[in-house]
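Each chain, letter by letter, is given below.
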Amino acid sequence: MQGNPYDRDCPTRQLLDRIGDQWTVLIVGALVDGPLRFTQIGKRVEGISQKVLTQTLRSLVRDGILTRTAYPVIPPRVDYELTTLGRNLSEPLDLLDRWARRHMDQVSAAREAFDAEHTPASA
């Protein structure tokens, strides 16, 4: 099922919104090397709240990008892992990561130039 992602109700647009979310990008990147527990993901993805981590993981499981495996042990153990679909998604996300790292100096310079031009002079 494909559609026009420029249409706000298009399922493709909803998926692009999900995979373009900063937390999704970081969580998928964190899981590239293998499964992690909830707390391990939270430590690796600095700045994410437990609530947002829970919501994002749930959405990624729902979308088939992650699997959630609960083990019947005490204390409870739950692992999250990329599915084949998630591993496939990690490839273009890795390209974006490399692009950002490669071009961060240029972006920083552009920001500084913009800010210098658009910041009012102090009195």
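Let us look at the structure shown here. No experiment lies behind these values; they were computed from the predicted model shown.

**Considering the sheet that holds strand 3 (residues 77-82)**
Here's step 1: Read from one edge to the other, the open sheet built from three strands follows the order 1-3-2, with strand pairing classed as antiparallel. The open sheet has two edge strands with one neighbour each: strand 1 (36-37) and strand 2 (66-71).
Here's step 2: The sheet strands contacting helix 4 (residues 50-62) are strand 2 and strand 3, and the helix crosses strand 2 at an angle near 110°.

**Remarks on the environment of Arg 8**
Here's step 1: Checked against the element boundaries, Arg 8 lands in the segment before helix 1 (11-19).
Here's step 2: Taking the relative accessible area as the measure of exposure, Arg 8 reaches 66% and is therefore exposed.
Here's step 3: When residues no more than four places from it in sequence are discounted, the contact partners of Arg 8 are Arg 13 and Gln 14.

**Some remarks on the nonpolar core**
Here's step 1: Ranked by size, the top nonpolar core spans 20 residues in total, and within it Ile 27, Leu 31, Ile 41 and Leu 66 carry the most contacts.
Here's step 2: Of all the elements in the fold, those that place two or more residues in this core are helix 2 (22-30), helix 4, strand 3 and helix 5 (84-118).
Here's step 3: Among the elements that take part in this core, helix 2 stands out by supplying four residues, more than any other.
Here's step 4: Sequence-distant contacts of Leu 31, that is, excluding residues within four places in its chain, are made with Leu 36, Ile 41, Leu 66, Tyr 80 and Leu 82.

So, how was this worked out
Residues numbered from 1 in each chain as written. Predicted model: local features only at pLDDT ≥ 70, side-chain atom pairs only at ≥ 80, totals over all residues. Heavy atoms only, no water. Pairing = 2+ DSSP bridges. Helix = DSSP H or I, 4+ residues; strand = E, 2+ residues; numbered from the N terminus. Contact = heavy atoms within 4.5 Å. Axes fitted to C-alpha atoms, helices over the stretch in contact; angles between N-to-C directions. Buried < 20%, exposed > 50% of the residue type's maximum accessible area, 1.4 Å probe, protein only. Core = buried A, V, L, I, M, F, W, Y, C linked by side-chain atoms within 4.5 Å.

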